[in-house]
Amino acid sequence: MIVLGIESSCDETGLAVYDSEHGLLAHVLHSQVKVHAEYGGVVPELASRDHIRYLLPLAENVLEQAGISQHQLDGIAYTAGPGLIGALMSGASVARSLAWALAIPAVEVHHMEGHLLAPLLEAGAPEFPFVALLVSGGHTLLAQVKAIGRYEVIGQSLDDAAGEAFDKTAKMMGLGYPGGPVLAKLAETGRTDAFRFPRPMTDRPGLDFSFSGLKTFALNTWVQNQQDRQDTEQLRADIACAFEEAVVETLLIKCRRALDQTECRRLVVAGGVGANQRLRQRLQQMAKKHQFSVSFPRLEFCTDNGAMIAYAGCLRLLAGQSQPLDIDARARWPMEDLLPVVKQ
Ligand code: KG4
Ligand code: ZN
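Scope of this entry: the structure provided in the associated data block. (Residues numbered from 1 in each chain as written. Chains lettered and ligands numbered in written order. Predicted model: local features only at pLDDT ≥ 70, side-chain atom pairs only at ≥ 80, totals over all residues. Heavy atoms only, no water.)

1. Focus on the packing of helix H6 (residues 179–187) against helix H8 (residues 232–262)
A pair of packed helices is captured by two measures, namely the crossing angle of their axes and the spacing between those axes. Taken N-terminus to C-terminus, the directions of H6 and H8 make an angle of 105°; their axes are 7 Å apart at the nearest point. By the criterion of interaxial angle, the relationship of H6 to H8 is roughly perpendicular. Residues Leu-183, Ala-184, Leu-186 and Ala-187 of H6 touch H8, and the partners they reach there are Glu-233, Arg-236, Ala-237, Ala-240, Cys-241, Phe-243 and Glu-244. (Axes fitted to C-alpha atoms, helices over the stretch in contact; angles between N-to-C directions. Helix = DSSP H or I, 4+ residues; strand = E, 2+ residues; numbered from the N terminus. Parallel < 35°, antiparallel > 145°, perpendicular 65-115°, else oblique. Contact = heavy atoms within 4.5 Å.)

2. Regarding the nonpolar core
Grouped together as the largest cluster of nonpolar side chains are 64 residues, with contacts concentrated most on Leu-4, Ile-6, Leu-15, Leu-116 and Leu-117. Counting residues per element, this core draws most heavily on helix H10 (residues 306–318), at 9 residues. The residues touching Leu-4, leaving out its near neighbours within four places in the chain, are Leu-15, Ala-16, Val-17, Val-62, Leu-73, Gly-75, Ile-76, Ala-77, Leu-98 and Ala-310. (Core = buried A, V, L, I, M, F, W, Y, C linked by side-chain atoms within 4.5 Å. Buried < 20%, exposed > 50% of the residue type's maximum accessible area, 1.4 Å probe, protein only.)

3. Some thoughts on H6
Buried residues of H6: Gly-179, Gly-180, Leu-183, Ala-184, Leu-186 and Ala-187, and no others. Angularly, the buried residues of H6 cover 160° about the axis, an arc narrow enough to put them on a single face. In this structure, H6 carries Pro-181 and Lys-185 as exposed residues pointing more than 90 degrees from its buried face. On its buried side, H6 packs onto helix H5 (162–172), H8 and helix H9 (277–290). (Arc of directions from axis to C-beta.)

4. Some remarks on the coordination of the zinc ion (ligand 2)
Binding of the zinc ion (ligand 2) to the protein goes through His-111 (NE2), His-115 (NE2) and Asp-304 (OD), at separations of 2.0 to 2.1 Å. Along the chain, the residues that donate to the zinc ion (ligand 2) are spaced as H-x3-H-x188-D. Of the two residues, His-111 is situated in helix H4 (residues 111–117) and Asp-304 in the loop between strand S10 (293–295) and H10; the sequence distance between them amounts to 193 residues. In terms of burial, His-111 and Asp-304 fall into one category: buried. (Donors = N, O, S within 2.8 Å, 3.2 Å for Na, K, Ca; no water.)

5. Description of the site of ligand 1
Residues in contact with ligand 1 amount to 19 residues; listed here are only the nearest, His-115, Gly-137, Asp-167, Gly-180 and Asp-304. Contacts to ligand 1 include His-115, whose side-chain N or O atom sits 3.0 Å from an oxygen atom. Alone, ligand 1 offers 550 Å² of accessible surface; in the complex the protein occludes 88% of this. Among the secondary structure elements, those contributing two or more residues to the shell around ligand 1 are H4, H5 and H6. Split into classes, the residues belonging to the shell around ligand 1 amount to 6 nonpolar, 11 polar and 2 charged. (Near = heavy atom within 4 Å. Polar contact = N/O pair within 3.5 Å; in protein donor to acceptor, adjacent residues only side chain to side chain. Areas by Shrake-Rupley, 256 points an atom, 1.4 Å probe, with all protein chains shown as cover. Nonpolar A, V, L, I, M, F, W, Y, C, P; charged D, E, K, R; others polar.)

Structure, rendered in structure tokens:
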């Protein structure tokens, strides 16, 4: 089965063609970073308009790169939520219209399920069951994954997502958008012993997260030290380093706890913050030491992309799932509401 995947939930237009027999045939991505940079964050209306501008040209482009015609497609998968409603509607409308014109089924994909399954696009994909750490700009959660579509959320952020905390901390120090990659780069030149930030909610049992206090801690450190220190650039780097270390260690502690609690030895990490090098390295070290396996998607499939949507959608289409013509995009959509995937 050959499936076109369309991702448009936030600030990236991602399209891909996935073939259930031959794997990923092609993927293309248009990032809207330049559109939103001057505002310091995503402007929803501008995001929707930009998706509309790029969706059809990218669809043509990805089919060409895959070396197939639109008539060879067996189905279309699109992100139906959660995300910015206008952005979701743009992708959903194009997906539904194409499917109708080509007389093929279209299937809704949950954005976080897409992220969660992205590591399965790689060679040596982990087997079920596993624990998934999903760390993106909109969500931070731990889920016990028994099979595709069977997700039990065992911990989540009570306030800011990890990526959001990266973005807000970067913004407050006058760094660009999106802040995660910029802050991570800066952290490389930070001194590890300059500041110690708290590890929120690690001193009590449970798997929930809270990152908004960490962002406030970073702001206070920034304000209090600016007058005393002439080396603003080094101060920024030191704060970035302490902040990143606190987020990474908090995630590490909760992952280990989740593995112990579920008696599982396999961890899968996905979402934009999964591209963070310090997080990847530290998880790999911990996996070696405590004898569990850890899998990540390749860097470009950590952040939003069409490949994960094409893949997740293909699995659902193969299981006979698809939705009628109505366009039903959802800004909010609990993962636990998803249907399990039962092979037909
Ligand atoms: O998964 P994603 O592309 O979009 C959402 O579904 O939210 O994640 C984007 C988030 C942003 O907050 C971005 O700052 C963060 O992932 N991010 C990073 C890194 N690369 C992206 N955070 C820390 N380190 C990185 N290297
Ligand atoms: Zn995402």
